[in-house]
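Reading the structure
Listed below are the residues making up each chain.
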Amino acid sequence: MENKKLTFAFMDPPFENERTITFFRIVDAALDGGADVQVFAYEGAAALAFALQKAHGNSVHHRDAEEEAHPLTKDWIAALQKKAERLGRQLDWVNCGLCVDERGVNESIPGCKRGSPADLWRYASSSFNTLVIGTR
Amino acid sequence: MKILQIVEQAFRTLVEEQDDTILWLTQSMAGAGANLEVLLSGNAVYYAVMKNRQPAVKIGDWVQQEPADIPSDLGRILEQDIPVYVLKHELEERGLNVDMLRPSIKPIDRTQLVSLYKQVDQVWQW
């Protein structure tokens, strides 16, 4: 059977640069393409799944929190999890444990696990290919 | 499966993490059984000639106790029998040369890069 599993190792945090949204769009497209996806969130990316992220209003936009509907990466991950389930695909997500500890972002949304570089090796070994996106 | 880790972004997080995060990842993955090689390119070629650990940072009364020690990290990688390569022309662009390299680091030129890529299954450009 054809292996359509892809691994992504990602290093960037939420809200800092264009690589983060690009990474999410690639994962979204990978699910559309019929791939199972495994993500190893390293360094700043360990905060992408932080459950205590909070949307805020924006006085410059003259919108309160509800109207602004500020994007949160934890919601993007949840949306991808829901999409994967709907499509019958697998989306596994592991945060580097030491990375979440040093940032105090241990409380992840459901489905995002704590792990180590051994998980990245396990993911890569079982995948058709791996894309690493480092911080620049 | 063999992976080539290309370290290009040098000195990234050296103060906060007290190491290079990809050299650390390499050591950790190798400990879990990964088959890895390392290529130093871009500003990371400086790693191949470094002899001293980083100076300790002082912020107010806070003084760093364990600054990054790249020579020791590279030493541990080499002790794990992980090959470490460096691009010669990128050394020379920065006023460095192969005589400055620590022993066991292998200088390669652009043409050898092709065969290096061919001998691994995946190339991870960090």
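Residues numbered from 1 in each chain as written. Chains lettered and ligands numbered in written order. Predicted model: local features only at pLDDT ≥ 70, side-chain atom pairs only at ≥ 80, totals over all residues.

The name an unreviewed UniProt entry gives chain B is Sulfur transfer complex TusBCD TusB component, DsrH family, with Methylobacillus rhizosphaerae as the organism.

By the naming in an unreviewed UniProt entry, chain A goes by tRNA 2-thiouridine synthesizing protein D and is assigned to Methylobacillus rhizosphaerae.

1. Observations concerning the overall build of chain B
The following threshold applies: Under the DSSP-based scheme used, a helix requires at least four consecutive residues in state H or I and a strand at least two consecutive residues in state E, with every element numbered from the N terminus. Comment: burial labels come from other C-beta atoms within 10 Å of the residue's own C-beta, placed from the backbone, where a count of 20 or more is buried, 12 or fewer is exposed, and between is partly exposed. Whether two residues are in contact is decided by their C-beta atoms, placed from the backbone, lying within 7 Å.
A tally of regular secondary structure across chain B gives 5 helices and 7 strands. Tracing chain B from N to C terminus, the helices and strands come up as β-α-α-β-β-β-α-β-α-β-α-β. Dimensions of chain B along its principal axes, counting C-alpha atoms only, are 50 × 35 × 20 Å. When burial is assessed residue by residue, chain B has 30% of its 126 residues classed as buried. Sequence separation of at least 24 residues holds for 65% of the intrachain contacts in chain B that already meet a minimum separation of 6.

2. Brief notes about the nonpolar core
Quick reminder of the rule: Nonpolar cores are identified as sets of buried Ala, Val, Leu, Ile, Met, Phe, Trp, Tyr and Cys residues joined via C-beta atoms within 7 Å.
The biggest cluster of nonpolar side chains holds 67 residues, and the ones touching the most others in it are A:Phe10, A:Val37, A:Ala41, A:Tyr42, B:Val38 and B:Leu40. When near neighbours in sequence (up to four residues on either side) are disregarded, A:Val37 contacts A:Leu6, A:Phe8, A:Val27, A:Ala30, A:Leu31 and A:Leu91.

3. A word on the packing of helix α5 (residues 117-125) of chain A against helix α2 (residues 21-31) of chain B
Rules: Every angle, taken between N-to-C directions, lies between 0 and 180 degrees, and every axis is a line fitted to C-alpha atoms, over only the stretch in contact when it is a helix. By the definition adopted for this analysis, an angle is roughly parallel if under 35 degrees, roughly antiparallel if over 145, roughly perpendicular if from 65 to 115, and oblique otherwise. Residue polarity is assigned by list, with Asp, Glu, Lys and Arg as charged and Ala, Val, Leu, Ile, Met, Phe, Trp, Tyr, Cys and Pro as nonpolar; anything else, Gly included, falls into the polar class.
Axis separation between α5(A) and α2(B) bottoms out at 8 Å; the angle between their running directions is 70 degrees. Relative to α2(B), the element α5(A) lies roughly perpendicular. Contacts between α5(A) and α2(B) involve A:Pro117, A:Leu120 and A:Trp121 from the former and B:Leu25, B:Ser28 and B:Met29 from the latter. In the contact of α5(A) with α2(B), the residues fall into 5 nonpolar, 1 polar and no charged.

4. Description of the interface of chain B and chain A
Each partner contributes to the interface: chain B provides 15 residues, whereas chain A provides 14 residues. Those elements that place two or more of their residues in the side of chain B that touches chain A are α2 and β7 (122-125) of chain B. With 4 residues, the top contributor of residues to the side of chain B that touches chain A is α2(B).

5. Notes on the sheet that holds β7(B)
Whether parallel or antiparallel, the strands of a sheet pair through hydrogen bonds between backbone atoms. All names here are of chain B. The following threshold applies: The pairing criterion for strands is at least two bridges between them, as found by DSSP.
If you trace the 5 strands from one edge of the open sheet to the other, you get β6-β5-β2-β1-β7, paired in parallel fashion. Every interior strand has two partners, whereas the edge strands, β6 (106-108) and β7, have only one. Taken pair by pair, the neighbouring strands of this sheet meet at an average axis angle of 25 degrees, ignoring direction. Bridge count between strand β5 (residues 84-87) and β6: 3 bridges; the pairing is parallel. Looking across to β6, one finds that Val86 is bridged to Pro107.

6. Structural notes on the environment of B:Pro107
Residues and elements named next belong to chain B. Summarising the element assignment, Pro107 is placed in strand β6. Pro107 sits 23 residues away from Val84 along the chain, and the two C-alpha atoms are 8.8 Å apart. Excluding anything up to four places from it in sequence, Pro107 contacts Val86, Lys88, Val98 and Leu101.

7. Some details on the packing of helix α1 (residues 18-32) of chain A against helix α3 (residues 73-87) of chain A
All names here are of chain A. Two numbers describe how α1 lies on α3: the axes approach to 10 Å, and their chain directions differ by 10 degrees. Looking at the two axes, α1 sits roughly parallel to α3. Two secondary-structure elements touch here, α1 through Thr20, Phe24, Val27, Asp28 and Leu31 and α3 through Thr73, Trp76, Leu80, Lys83, Ala84 and Leu87. Residues of the contact of α1 with α3, tallied by class, amount to 7 nonpolar, 2 polar and 2 charged.

8. Some thoughts on unusual backbone geometry
Notably, A:Phe15 is not glycine yet its phi reads approximately 70 degrees, a positive angle. When you line up the elements, A:Phe15 lands in the loop between β1 (5-10) and α1. With a phi close to 60 degrees, B:Gln18 is a non-glycine residue in the positive phi region. On the secondary structure map, B:Gln18 appears in the loop between α1 (14-17) and α2. Residue classification places B:Gln18 among the partly exposed positions, given that 18 C-beta atoms sit within 10 Å.

9. Considerations on the pairing of β5(B)
Residue and element names in this part refer to chain B. Under the convention used in this document: Seen with the strands pointing away from the viewer, any crossover whose path from the first strand over the helix to the second strand runs clockwise is right-handed.
Of the two faces of β5, both are covered, the one formed by Val84 and Val86 as well as the one formed by Tyr85 and Leu87. Two strands pair when backbone bridges link them, and strand β2 (residues 35-40) and β5 are joined in this way by 3 bridges, in the parallel orientation. Paired with Val38 across the bridge in β5 is Val84. Taken together, β5, helix α4 (residues 88-93) and β6 constitute a β-α-β crossover, and its handedness is right-handed.

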